[in-house]
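# Notes for the structure review
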Amino acid sequence: MKKLSFSFSYLFILLFVLNGCSNNLKTSAEITDPFEDLNRNIFAFNKSVDQNIVSPISDSYVKTVPYPVRKSITNHLKWMDTPTTIVNSALQVDLENTILASAKFMLNGLSLGFYDFDKDETKIHKKDFGSTLAKLNVPEGPFLMVPFLGPKTTRHFAGTISDRQSLGNVSSDSVNKLSLVEIPINLVDKRTKLANNIDNIYESPDPYSKIKSYYIQNRRKNVYGDKYLEIKNNKSDLEFEKLLQ
Amino acid sequence: MKNFYNSINIQKILYITFFSLLYFQLLTYKAYPDNIKNSEMIVQQMIADAKKHALKTIKLSPKERSLKIEKLIKRFINLDFMARATTGSFWKKATNTQKEKYKSALLKQIVNTIEEHLNTLATLSYKPQKSEARGKKLVYVKGIIKDHSKKIPDVNLLWKLAENKKGKFLVLDLEIEGISLVSTHKAETMSILRKNRGNFNALLNTFSKGQ
C-alpha cells in the first residue's frame, strides 16, 4: 500500500512538473500528411458510408424522433463520456475542470444522464487522453483518416483507443455491451448536429483538404485553448499586415 | 527646492516631455477607438442587412437570391485581400484574367456557404462582445450568435477587419469557433495548386467542377 501511494504521489509530482513545462504549441506548423493517398481513399470510403447509410438514418432520425427525445439522448451520450474528462482533467492537473465535471456527472447521474439538471450552464472542457499526451509534450504526429471515425491526428487516435480501453477495464460487462450500442447512436447523433457543415464540405472543390483544415483548427483549439488562438492570431496578424501593405 | 529646479531648468524639460507624451498619447488614443467603432458598425450593419436579406429573399428564385447575396458580400468583404491570402505565393504568378476568375469563383463559394446558413440566421440573435485594435491596421470584432430556443449552442465569432485604400473598413476574415474562413480556403486552394504544380487554370477548373 505504501509502495502504491508513493508511486501515485511520484506520478502526481511528475505530471505537475511536466504540466508546468509543457509548451509544445507548434500551432503554426502545417500538419504532416505522409499517408495522403491512403487517407484520401479512406475519406472516399467514409463519405460513401456517410452518404448511403449514416445520412439517411440521420435524416429519418430527425424526422421521426421529436427534439426533446433527441436532446435527452445527446445528454446521455455526453454523460457517458464524462468519466474520460474527469480522469484526464485530473491527469492534466486541471482541478477546476475535474471538480466541475465530477459534480455534473454525479448530479446528472440521478437521471442516468438523460436530463441535464445544470442546463449547460457549467462550461466543462472535454478532455481525452490525446489532450493529456499533448500536455506531456507528445507531438501530434501525422494526420490520419480513420475508417468510420473520420479525421484524427496520430496522438488523438492513440488517445481515443486508450480512453476506450481504460473505460472497458474499469466498467462492468453490461456497461461495455451498452457502449457498443452507443457507438452507432453517437455517430448518428453527431451527424445530425453537423449535417449543414458536412454537406457544405462535400460540395467544396477539395473536400479532403477542407475537412483536414477544419479538424486540425478545431482540435488544436480544444487541446491548447486560448493559448493556441493567441499564437495563431499573432501569426495571421503578421501575414495580414504584410498583405495589406 | 524651487531654486534648485530653476537653476538647472529641469522643470521646463519635464513640462515639455510631459505635454509631448500626452500629445502623442492623445493622437493614438483617438485613432484606435475610431477604428474600433467603425469596424463594429460595419459588422452590425452587415448582420442587420443579412437578416433583412434572409427574410426578403425567401420568395425569390435561387439565381436572384444569389445575386442579392453577392451584392451584400461585395459591400462588406475585402475580396481582393481574401483572394491574395488564400493563394499565397501563387497569386503573383497568376495572370490578371486568372486572378479575376479566381475572385469570382471564391465569391461564389462564399455565397454558397452563406446561402445555406442564411435561413437559420434569421431566427438567431447577435450579441457584440469586446473588440480590440491589433497592430497598426487590424481590428478584431468579437460577437456571439445566440439561439433563444437553445436548440443550437452559442457560437463565438471573430471578425478581422482593416481599412481599405478608400478609407472604408472591410472584413478580411471570419473565425467561427476558432476556425478561420481564410485558413480553410487557403488549405484547400494550396492543396489543389501544389498537386497541379502551381497551375492556376487547373485550380479554376477544379473550382468550376465543384460549383
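That block above? That's the structure.
Rules used in this analysis
- Residues numbered from 1 in each chain as written.
- Chains lettered and ligands numbered in written order.
- Predicted model: local features only at pLDDT ≥ 70, side-chain atom pairs only at ≥ 80, totals over all residues.
- Heavy atoms only, no water.
- Pairing = 2+ DSSP bridges.
- Helix = DSSP H or I, 4+ residues; strand = E, 2+ residues; numbered from the N terminus.
- Salt bridge = Lys/Arg side-chain N within 4 Å of Asp/Glu carboxyl O.
- Buried < 20%, exposed > 50% of the residue type's maximum accessible area, 1.4 Å probe, protein only.
- Axes fitted to C-alpha atoms, helices over the stretch in contact; angles between N-to-C directions.
- Parallel < 35°, antiparallel > 145°, perpendicular 65-115°, else oblique.
- Left-handed = near helix turned anticlockwise from the far one by under 90°.
- Contact = heavy atoms within 4.5 Å.
- Nonpolar A, V, L, I, M, F, W, Y, C, P; charged D, E, K, R; others polar.
- Buried area = accessible area lost by both parts, 1.4 Å probe.
- Polar contact = N/O pair within 3.5 Å; in protein donor to acceptor, adjacent residues only side chain to side chain.
- Phe/Tyr/Trp six-rings, centres within 6.5 Å; stacked < 30°, edge-to-face > 60°.
- Lys NZ or Arg CZ within 6 Å of the ring centre and 35° of its normal.

### Description of the sheet that holds strand 3 (residues 155–163) of chain B
To summarise the sheet geometry, strands pair through backbone hydrogen bonds and adopt either a parallel or an antiparallel arrangement. Residue and element names in this part refer to chain B. In spatial order, the strands read 1-2-3-4-5; together these five strands make up an open sheet with antiparallel pairing. Strand pairing shows two members of the sheet lacking a second neighbour, strand 1 (125–134) and strand 5 (179–180), which therefore form its edges. Relative to strand 3, strand 2 (residues 138–146) is paired through seven bridges, and the arrangement is antiparallel. When the sheet's bridge partners are listed, Ile-145 is paired in strand 3 with Val-155.

### Looking at the pattern of salt bridges
Evaluated as defined, the whole model comprises 25 salt bridges over all chains. Residue Arg-40 of chain A is joined to Glu-36 of chain A by a salt bridge in which the shortest nitrogen-to-oxygen separation is 2.9 Å. In this pair, Arg-40 of chain A and Glu-36 of chain A are both assigned in helix 2 (residues 36–64), four residues apart and thus about one turn of the helix distant. Overall, Arg-40 of chain A belongs to the buried group, its relative accessible area being 19%. Residue Lys-142 of chain B pairs with Glu-132 of chain B through a salt bridge whose shortest N-O separation is 3.4 Å. A residue pair is termed long-range when its members are at least 10 positions apart, and Lys-142 of chain B in strand 2 and Glu-132 of chain B in strand 1 qualify at 10 residues. Judged by its relative accessible area of 33%, Lys-142 of chain B is partly exposed. Judged by relative accessible area, Glu-132 of chain B falls into the partly exposed class, the value being 24%. Via salt bridges that share partners, Glu-230 and Asp-237 of chain A together with Glu-132, Arg-134 and Lys-142 of chain B belong to a single interconnected network.

### Thoughts on the packing of helix 3 (residues 67–91) of chain A against helix 4 (residues 95–108) of chain A
Packed helix pairs are characterised by how far apart their axes lie and by the angle those axes make with each other. Residue and element names in this part refer to chain A. At a minimum axis distance of 9 Å, the contact between helix 3 and helix 4 shows a crossing angle of 155°. One finds that helix 3 runs roughly antiparallel with respect to helix 4. Seen along the crossing, helix 3 lies across helix 4 with a hand that is left-handed. Residues Trp-79, Thr-82, Pro-83, Thr-85, Ile-86, Ser-89 and Ala-90 of helix 3 touch helix 4, and the partners they reach there are Asn-97, Thr-98, Ala-101, Ser-102, Phe-105 and Asn-108. Grouping the amino acids of the contact of helix 3 with helix 4 by side-chain chemistry returns six nonpolar, seven polar and no charged.

### What about the interface of chain A and chain B?
In this assembly, 32 residues from chain A lie in contact with 38 residues from chain B. A buried area of about 3,000 Å², summed over both sides, lies between chain A and chain B, and 49% of it is on carbon and sulfur atoms. On the chain A side of the contact with chain B, Pro-205, Phe-240 and Leu-244 of chain A bury the most area, a combined 23% of that side's loss. On the surface where chain A and chain B come into contact, there are four salt bridges. Viewed at the interface, chain B and chain A are joined by 17 residue pairs in polar contact (both at pLDDT 80 or more). Residue assignment for the side of chain A that touches chain B shows that the elements contributing at least two residues are helix 2, helix 8 (195–203), helix 9 (207–224) and helix 10 (226–244) of chain A. In terms of residue count, helix 10 of chain A provides more of the side of chain A that touches chain B than any other element does, 12 residues in total. In the side of chain A that touches chain B, the residues fall into seven nonpolar, 12 polar and 13 charged.

### Structural notes on the packing of aromatic side chains
Residue and element names in this part refer to chain A. Per the counting criterion, the structure on display carries 10 aromatic pairs over all chains. Taken together, a centroid distance of 5.1 Å and an interplanar angle of 75° make the contact between Tyr-115 and Phe-117 edge-to-face. Residue classification places Tyr-115 among the partly exposed residues on the basis of a relative accessible area of 41%. Both rings, one in Phe-143 and one in Tyr-215, keep their centres 6.2 Å apart while their planes meet at 55°; by these two values the pair is tilted. Residue Phe-143 is located in strand 1 (residues 143–146), and its partner Tyr-215 is located in helix 9; the two are separated by 72 residues in the primary sequence. Of the two residues, Phe-143 and Tyr-215, neither departs from the other in class, the shared state being buried. Through a chain of ring-to-ring contacts, the aromatic side chains of Phe-43, Phe-143, Tyr-208 and Tyr-215 assemble into a single cluster. For Lys-212, the ring lying beneath its charged end belongs to Phe-143, and the centroid distance is 5.7 Å.

### Considering helix 4 (residues 79–87) of chain B
Residues and elements named next belong to chain B. Most of helix 4 sits out of view: seven of its nine residues are buried. Every buried residue of helix 4 is listed here: Leu-79, Phe-81, Met-82, Ala-83, Ala-85, Thr-86 and Thr-87. Backbone geometry just after helix 4 places Gly-88 at a positive phi near 55°.

### Some details on the side chain of Asn-233 of chain A
Tracing the chain through its elements places Asn-233 of chain A in helix 10. If near-sequence neighbours (up to four positions away) are discounted, Asn-233 of chain A is found in contact with Arg-134, Tyr-140, Leu-158, Lys-160 and Glu-175 of chain B.

### As for the pairing of strand 2 of chain B
Residue and element names in this part refer to chain B. Counting buried positions along strand 2 yields seven of nine residues, so the element is predominantly enclosed. Across eight bridges, the pairing between strand 1 and strand 2 is antiparallel. Among the inter-strand pairings, Ala-133 is bridged to a residue of strand 2, identified as Val-139. Taking the residues between adjacent antiparallel strands as the criterion, strand 1 and strand 2 are bridged by three residues, where Gly-135 takes a positive phi near 65°.

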